[in-house]
Amino acid sequence: MNRLTDRLQLIADQIEKGETMADIGTDHGFLPLYLWKKGISPAVIMCDISEPSLAKAISAAEEYGSVKELGFRAGDGLKVLEKGEVDDIVIAGMGGLLIRDILADDMVKTCSFGKYVFQPRNNSGQLRYWLVSRGFEITSNLLVREGKFVCEVITAIPPKSCENGDMALVEGLPDAAAACWDFPADMADSNPELAGEYALVKLGIEEKIRDGILKSCNVNEADLLTVEKRIEYFEKMAE
């Protein structure tokens, strides 16, 4: 098996030896195949809403004579899994809002798994806020380079108190628009060099938003204050 990309390797590193896993949106299936071939995960399930995409994973598995020993499921999100069927769920390469919606679809099932590893392509702050406000514990926020992009990898433990889908929202959290959700302090510790670069990317985005607000005929003072606070935060993180 070819070496994983740095992004996939960082995700793989969050899976402990002996933990079973399912990869939602598996596409080529490289990550679960790696975990299985390396003896890290004794059982893996490759899932994708697209049957042609899942066929890529089946084809990759056939190269190693492994098709009969692995799980392949075509379907939407966690719907293809039974409650608590695996220890860990990986959802990588999707937007943060789509990940949120996949989790929110059936909270009883969502909370039946032991650990999640997310690699959101965007809207990571909104995803973090949703997770924490629903009682998830985010155990790590990591950064990794993939080509010209810097990617985030979030590991989270779901709450165990979800019954019949009813959950009390966590109170006293920073506002959902607070920059700390987009760039948690511990993320800077994981890779200081990448963190500085990534903070500058975030800063540039906010400065463009501010410029757009200031060019408006009717400046929304509340929106301007929010973006100025975010700029101040990212400036500090970029230092």
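Up top is the structure.
When helices and strands are counted, the protein chain shows 10 helices and 7 strands. Taken over the C-alpha trace, the protein chain has a radius of gyration of 19 Å; the compact-globule value for 239 residues is 18 Å, and the two agree within 12%. Pairs at least 24 residues apart make up 68% of the contacts formed inside the protein chain by residues separated by at least 6 positions. When the accessible area of the protein chain is evaluated, it comes to approximately 12100 Å², of which 49% is carbon and sulfur surface. Computing the positive centroid from 26 side-chain charges and the negative centroid from 40, the protein chain places the two 3 Å apart.

Before going further, it helps to spend a moment on the pairing of strand E3 (residues 71–74). Of the pairings in the sheet, the one linking strand E2 (residues 44–48) to E3 comprises 4 bridges and is parallel in character. When the bridges of E3 are listed, Asp 48 appears paired with Ala 74. In this fold, the crossover linking E2 to E3 by way of helix H3 (residues 51–62) has right-handed handedness.

The next point concerns the environment of Glu 228. Considering the arrangement of structural elements, one finds Glu 228 in helix H10 (residues 221–238). Glu 228 gets classed as partly exposed once you look at its relative accessible area, which sits at 37%. Residues Glu 228 and Met 46 lie 182 residues apart in sequence; the distance between their C-alpha atoms is 43 Å.

Moving on, we get to the packing of helix H4 (residues 96–104) against helix H6 (residues 124–133). Viewed as axis vectors pointing N to C, H4 and H6 meet at an angle of 25°, and their least axial separation amounts to 8 Å. In terms of orientation, H4 lies roughly parallel with respect to H6. In this structure, H4 meets H6 at a crossing whose hand is left-handed. In this structure, H4 uses Gly 96, Leu 97, Ile 99, Arg 100, Leu 103 and Ala 104 to contact H6, whose residues at the interface are Gln 126, Leu 127, Trp 130 and Leu 131.

To continue, consider the pairing of E2. One face of the sheet, then the other: side chains in a regular strand alternate in exactly this way. Most of E2 is tucked away: 5 of the 5 residues are buried. Residue alternation in E2 divides its side chains into two sets, Val 44, Met 46 and Asp 48 and Ile 45 and Cys 47, and both sets are buried. When strand E1 (residues 21–24) meets E2, the two strands line up parallel, connected through 4 bridges. Each residue of the ladder has a partner; that of Asp 23, found in E2, is Met 46. After leaving E1, the chain enters helix H2 (residues 30–37) and then returns to the sheet as E2, a path that is right-handed.

The subject of this paragraph is the side chain of Lys 202. With respect to the element layout, Lys 202 can be found in helix H9 (residues 192–215). Although buried, Lys 202 forms no salt bridge, and the nearest oppositely charged side chain, Glu 152, lies 4.1 Å from it. Leaving out residues up to four positions away in the same chain, Lys 202 has contacts with Ser 124, Glu 152, Asp 182 and Phe 234.

Moving on, we get to the packing of aromatic side chains. For any two aromatic rings, the description comes down to two numbers: the centre-to-centre distance and the angle of the planes. Per the stated rule, a full pass over the model turns up 8 aromatic pairs. Ring geometry for Phe 183 against Phe 234: centres 6.5 Å apart, planes inclined by 75°, an arrangement best described as edge-to-face. In this pair, Phe 183 is assigned in the loop between helix H7 (179–182) and helix H8 (185–190) and Phe 234 in helix H10, connecting sequence segments 51 residues apart. Here Phe 183 matches Phe 234 in class, with each residue buried. Aromatic ring contacts, followed pair by pair, group Phe 113, Tyr 116, Phe 118, Trp 130 and Phe 136 into a single cluster.

Running from amino to carboxyl end, H9 crosses H10 at an angle of 160°, the nearest separation of the two axes being 9 Å. In terms of axis orientation, H9 runs roughly antiparallel to H10. Helix-helix and strand crossings are classified by hand; for H9 and H10 the assignment is left-handed. Contacts from Gly 196, Ala 199, Leu 200, Lys 202, Leu 203, Glu 206, Glu 207, Ile 209, Arg 210, Ile 213 and Leu 214 of H9 reach H10 at Asp 223, Leu 224, Val 227, Arg 230, Ile 231, Phe 234, Glu 235, Met 237 and Ala 238. Partitioned by chemical class, the residues of the contact of H9 with H10 number 12 nonpolar, 1 polar and 7 charged.

Attention now goes to the environment of Thr 155. Turning to its location among the elements, Thr 155 is positioned in strand E7 (residues 149–157). Measuring from C-alpha to C-alpha, the distance between Thr 155 and Val 90 comes to 9.2 Å, with 65 residues separating the pair along the chain. The residues touching Thr 155, leaving out its near neighbours within four places in the chain, are Gln 14, Lys 115, Tyr 116, Val 117, Glu 137, Ile 138, Thr 139 and Ser 140.

About the criteria used
What you see as residue numbers is a count from 1 along each chain, following the sequence as written. Given that this is a predicted model, residues contribute local features only at a pLDDT of at least 70 and side-chain atom pairs are listed and counted only at 80 or more, while totals for whole chains, interfaces and linings are drawn from all residues. Neither water nor hydrogens contribute to the side-chain values; these are computed over all heavy atoms in the structure. In this description a helix means any DSSP run of H or I spanning at least four residues, a strand means any run of E spanning at least two, and both kinds are numbered starting from the N terminus. Both definitions apply: the radius of gyration is a C-alpha atom measure, and the globule rule equals 2.2 Å times residues to the power 0.38. By definition in these notes, contact holds between two residues if any of their heavy atoms fall within 4.5 Å. Areas reported as accessible are Shrake-Rupley estimates using a 1.4 Å probe. Residue values count occlusion only from the protein chains shown. For this count, His and the chain ends are skipped, Lys and Arg are scored as positive, and Asp and Glu as negative. Just so you know, the charge point we use is NZ for Lys, CZ for Arg, CG for Asp and CD for Glu. Here a strand pair is declared whenever DSSP counts at least two bridges between the two strands. When the strands point away from the viewer, a crossover counts as right-handed if the path from the first strand over the helix to the second runs clockwise. Only protein chains enter the accessibility calculation, which uses a 1.4 Å probe; a residue is then buried when its area is under 20% of its type maximum, exposed when over 50%, and partly exposed in between. As a rule, the C-alpha atoms of each element are fitted with a line to give its axis, helices using only the stretch in contact, and angles between N-to-C directions run from 0 to 180 degrees. By the definition adopted for this analysis, an angle is roughly parallel if under 35 degrees, roughly antiparallel if over 145, roughly perpendicular if from 65 to 115, and oblique otherwise. Left-handed describes a crossing whose near helix is turned anticlockwise from the far helix by less than a right angle; the clockwise case is right-handed. Each salt bridge in this description consists of a side-chain nitrogen of Lys or Arg and a carboxyl oxygen of Asp or Glu lying within 4 Å of one another. Stacked, tilted and edge-to-face are the three classes assigned to paired rings of Phe, Tyr and Trp, where Trp is represented by its six-membered ring and a pair needs centres within 6.5 Å; plane angles under 30 degrees give stacked, over 60 edge-to-face, the rest tilted. Three categories are distinguished: nonpolar for Ala, Val, Leu, Ile, Met, Phe, Trp, Tyr, Cys and Pro, charged for Asp, Glu, Lys and Arg, and polar for the others, with Gly belonging to the last.

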